[in-house]
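Remarks on the overall topology
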Amino acid sequence: MTLVDRFLDYVKFDTQSDELTNLTPSTPGQMVFAQYLEKELQKMGLEDITLDENGYLMATLPANTDGDIPVVGFIAHLDTSPDMSGRHVNPRIVKNYDGQDITLNEKEQIVLSPGEFPELRDYVGQDLIVTDGTTLLGADDKAGIAEIISAVAYLQEHPEIKHGKIRIAFNPDEEIGLGAHKFDVEHFGCDFAYTMDGGEIGELEYENFNAAVARITIKGRNVHPGSAKHKMINSIRVATLFTQMLPRWETPEHTEGYEGFYHLVNIEGSVESTTITYIIRDHDRARFESRKREIEHLVNKTNNEYPGCCTAEIKDQYYNMREKIEPVMHIIDIAKQAMYDADVTPKVLPIRGGTDGAQLSFKGLPCPNIFAGGLNFHGRYEFVPVPSMEKARDVIVHIARLVAGK
């Protein structure tokens, strides 16, 4: 089975995660997909295959050479984003892309256009896999899964490429921030690993946001509006005032690179009670802590005007993996060299988000992130260039070779 065949096969599985179920995996489709992959790995003859009750699938490609070689792992996630349907995905291959608009769905007039997505122009002449405009594609992260399994198959077919023990893992619920929570690092048994969960070709990431979620609850006092003077406290209006006190320009739509932000993700309520939810992000740990203190400061400021009406619950989600990767920077050097060997130019960038690798790094498994090749994740305009997937597979093979060589 080719890499493309695998990918087209995998995206047929509906594996959207759901943060409301409080289950692991959060949706049954992820376990169905994991069981399918388990059978595929068994047919390939891999060893130490385990699939636990939480949907974590692990397997081993044994070493084909002697020596004290570090055990390297490759990881991808089973789920797709809850942001858009992943059911009945109907992918299509656009052969030799000509640089013009791609009609995804003629009936609904859904068009993937380089006018809106200029990165398309970087892939003129390549085969692109796109959606039919009604679902996401699932390259995040089924491209990563297909690349890892295809790389393992390639190594099996080419025993002249010497490699040490290789572990692979596919986990649920990355898209809802829970992929690493029940990941058994000790059982995985690797010296270091790479998540194949990045975007465009060449991406290599070992810095990510420090992340927290803040839920601010504002209690109001509802009185008939005809007699409300000096009595009513409209919690919706107070919530609006709260949001206006945060820096206007420190939002996702006004920041880039290493700039952090406050992102208002939900506001829900009535005169009597309103809840505001923010996610807080910053690469710098000191600024991250300062942002959390600013939320607390604004809560106190609000309570000065409306005594006792405002409370906040702030919960850390994950931290910048850089502090865990810097002591083992040789694993970044290996990934860079593997990209050069695959004729790929590394693009070392900070992740304006998080990955399972960040949490795994803090659990004792250094785990930077490598491109899987897809673009426009989480929506109907998602696409993946076939050559980018092929290069990701090649990078995995070169990493295995380089680790054995060192």
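One structure accompanies this document, and this report is about it.

Reading guide: rules and limits
Residues numbered from 1 in each chain as written. Predicted model: local features only at pLDDT ≥ 70, side-chain atom pairs only at ≥ 80, totals over all residues. Heavy atoms only, no water. Buried < 20%, exposed > 50% of the residue type's maximum accessible area, 1.4 Å probe, protein only. Helix = DSSP H or I, 4+ residues; strand = E, 2+ residues; numbered from the N terminus. Pairing = 2+ DSSP bridges. 1 Å grid on protein atoms, 1.4 Å probe; cavity = no way out; pocket = protein on both sides within 12 Å on 5 of 7 lines; lining within 4 Å. Points joined across faces, edges and corners; volume = space filled by probe spheres on them. Phe/Tyr/Trp six-rings, centres within 6.5 Å; stacked < 30°, edge-to-face > 60°. Lys NZ or Arg CZ within 6 Å of the ring centre and 35° of its normal. Salt bridge = Lys/Arg side-chain N within 4 Å of Asp/Glu carboxyl O.

Before going further, it helps to examine the pairing of strand E11 (residues 210–219). Across the 10 residues that make up E11, a large majority, seven, are buried. The sheet contact formed by E11 and strand E13 (residues 273–282) spans 10 bridges and is antiparallel. In the sheet register, Ala-211 faces E13, and the bridge partner there is Arg-281. Strand direction decides the pairing type here: E11 and strand E14 (residues 310–318), joined by eight bridges, are antiparallel. Within E14, the position partnered with Val-213 by the bridge is Lys-315.

This next bit is on empty space enclosed by the protein. Applying the stated criterion across every chain, the model contains one cavity of 30 Å³ or more. Roughly 30 Å³ of internal volume is contained in the largest cavity. Elements represented by at least two residues in the lining of the largest cavity include exactly strand E3 (72–77) and strand E9 (192–198). Here the element with the most residues in the lining of the largest cavity is E3; it accounts for three residues.

Bringing the pairing of E9 into the picture now. Burial of E9 is extensive: seven of the seven residues sit out of reach of the surface. Relative to E9, E3 is paired through four bridges, and the arrangement is parallel. Bridge assignment links Gly-73 to a residue of E9, and that residue is Ala-193. For E9 and strand E16 (residues 369–371), the ladder comprises three bridges, and the chain directions are parallel. By the bridge assignment, Gly-198 is partnered in E16 with Phe-371.

Within the structure shown, the criterion is met by 11 aromatic pairs. Between Phe-183 and Phe-188 the ring centres are 5.3 Å apart and the planes differ by 90°, which places this aromatic pair in the edge-to-face class. Residue Phe-188 is classed as buried on the basis of its relative accessible area of 1%. One aromatic cluster is present, formed by Tyr-10, Phe-13, Phe-33 and Tyr-36 through successive ring pairs. Geometry around Tyr-262 places Arg-291 over its ring, the cationic atom sitting 5.0 Å from the centre.

A few words on the pattern of salt bridges. Applying the stated criterion to the full structure yields 14 salt bridges. Arg-291 serves as the salt-bridge partner of Glu-250, at 2.7 Å between the closest nitrogen and oxygen. With Glu-250 in the loop between helix H5 (235–245) and strand E12 (261–269) and Arg-291 in helix H6 (residues 285–305), this residue pair connects regions lying 41 residues apart in the sequence. According to the relative accessible area criterion, Arg-291 is buried, its value standing at 9%. Residue Glu-289 pairs with Lys-292 through a salt bridge whose shortest N-O separation is 3.1 Å. Linking Glu-289 with Lys-292, this pair stays in helix H6, spanning three residues, or about one helical turn. Residue Glu-289 is classed as partly exposed on the basis of its relative accessible area, which comes to 26%. You can call Lys-292 buried: its relative accessible area is 11%. Three or more residues are tied together by salt bridges with common partners; here these are Arg-285, Glu-289, Lys-292, Asp-316 and Glu-323.

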